[in-house]
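What the coordinates show
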Amino acid sequence: MVYLKKNILLNENVHIFACLQNDTSLSDEEQTEWIRSELKNHLKSLHWFRLKDYPSWVQWRDNSVNTFPITDQWKQYLLQSGSMLEYFQLYLAYDKMCEYERLTRQAYGYIVRMRPDNMLAKPLDFHWLIWTDEQ
């Protein structure tokens, strides 16, 4: 959390929309309280993900994977790993961000996708986004 606060949350206009799984011994409420105390006003949405809450997505995933022209080994990998699930959770967080944009009538200029296990040791630098073609 130290690196996130130091290198990502550089001003009050940086917002976080999170969809997380709680794999700890703490309750969702305890985790939420800690995350909110650390991120303060940067946290705009926090959703605790449980696969059992999305049976239609599980069915879609299973049906989709079984129609892919790939080996059974790859199918098993996709069904058992978190790779497809990770992007579904990204969609859920993105949906909350879009809802926030609609409610506040503001659009985000830049979106950074991060996993909770990522660490950035230096501040994000977007100065190159305003460069001219010559630069």
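My aim in this report is to walk through the structure given alongside it, one point at a time.

About the criteria used
Residues numbered from 1 in each chain as written. Predicted model: local features only at pLDDT ≥ 70, side-chain atom pairs only at ≥ 80, totals over all residues. Heavy atoms only, no water. Phe/Tyr/Trp six-rings, centres within 6.5 Å; stacked < 30°, edge-to-face > 60°. Helix = DSSP H or I, 4+ residues; strand = E, 2+ residues; numbered from the N terminus. Buried < 20%, exposed > 50% of the residue type's maximum accessible area, 1.4 Å probe, protein only. Polar contact = N/O pair within 3.5 Å; in protein donor to acceptor, adjacent residues only side chain to side chain. Core = buried A, V, L, I, M, F, W, Y, C linked by side-chain atoms within 4.5 Å. Contact = heavy atoms within 4.5 Å. Pairing = 2+ DSSP bridges. Right-handed = clockwise from strand over helix to strand, strands pointing away. Expected span 1.5 Å × (residues − 1). Patch = residues over 30% accessible without salt bridge, like charges linked within 9 Å, V, L, I, M, F, W, Y side chains within 5 Å. Areas by Shrake-Rupley, 256 points an atom, 1.4 Å probe, with all protein chains shown as cover. Salt bridge = Lys/Arg side-chain N within 4 Å of Asp/Glu carboxyl O.

1. Here's the deal with the packing of aromatic side chains
Going through the model one piece at a time under the given rule, you end up with eleven aromatic pairs. Here the aromatic rings of Tyr54 and Phe88 are separated by 5.2 Å at their centres, their planes lie at 80°, and the arrangement is edge-to-face. Of this pair, Tyr54 sits in the loop between strand S2 (43–48) and helix H3 (55–67) while Phe88 sits in helix H5 (residues 83–104), placing them 34 residues apart in sequence. Pair check on accessibility: Tyr54 and Phe88 agree, each one buried.

2. Some points on the environment of Gln135
Mapped onto the elements of the fold, Gln135 is located in the segment after H5. Along the chain, Gln135 and Arg115 lie 20 residues apart, while their C-alpha atoms are 32 Å from each other. Polar side-chain contacts of Gln135 include one of 2.8 Å to the backbone nitrogen of Thr132.

3. Re the nonpolar core
In terms of nonpolar packing, the biggest core is built from twelve residues, these being Cys19, Phe49, Tyr54, Trp57, Val58, Val65, Leu78, Met84, Leu85, Phe88, Leu92 and Ala93. Put simply, the parts of the chain that give this core at least two residues each are H3 and H5. Among the elements that take part in this core, H5 stands out by supplying five residues, more than any other. Here Tyr54 is in contact with His47, Phe49, Phe88 and Leu92, once residues within four sequence places are set aside. By size, the runner-up hydrophobic cluster in this structure holds ten residues, among which are Ile8, Ala18, Leu39 and Leu43.

4. Section: the side chain of His15
Mapped onto the elements, His15 comes out in the loop between helix H1 (2–7) and strand S1 (16–20). Ignoring any residue separated from it by four or fewer positions in sequence, one finds His15 in contact with His42, Lys44, Tyr100, Gln106 and Tyr108.

5. Re the pairing of S2
Sheet analysis places S1 next to S2, joined by five bridges and oriented parallel. The partner of Leu20 across the bridge, within S2, is Trp48. A crossover links S1 with its parallel partner S2, the connecting element being helix H2 (residues 28–39), and its sense is right-handed.

6. Description of H5
For H5, built from 22 residues, the straight-helix expectation of 32 Å at 1.5 Å per residue is met to within 8% by its first-to-last C-alpha distance of 32 Å. Listed as buried for H5 are Met84, Leu85, Phe88, Gln89, Leu92, Ala93, Met97, Cys98 and Glu101. Buried residues along H5 sit in contact with S1, S2, H3 and helix H4 (72–80). Positioned one or two residues after H5, Arg105 has a phi angle of 55°, which is positive.

7. Comments concerning a nonpolar patch on the surface
Taken together, the side chains of Tyr110, Val112, Met114, Phe126, Trp128, Leu129, Ile130 and Trp131 define a hydrophobic patch exposed on the protein surface, amounting to about 810 Å² of accessible area. Looking at the element boundaries, Ile130 is found in the segment after H5.

8. Description of the pattern of salt bridges
Across all of its chains, the model carries seven salt bridges by this definition. Of the charged contacts in the structure, one is a salt bridge between Asp28 and Arg50, with a shortest N-O distance of 2.7 Å. Here Arg50 lies in the loop between S2 and H3 and Asp28 lies in helix H2, a separation of 22 residues in the sequence. Asp28 sits in the buried class, given a relative accessible area of 16%. For Arg50, a relative accessible area of 31% translates into the label partly exposed. Its salt-bridge partner being Arg61, residue Asp62 comes within 2.9 Å of it at the nearest N-O pair.

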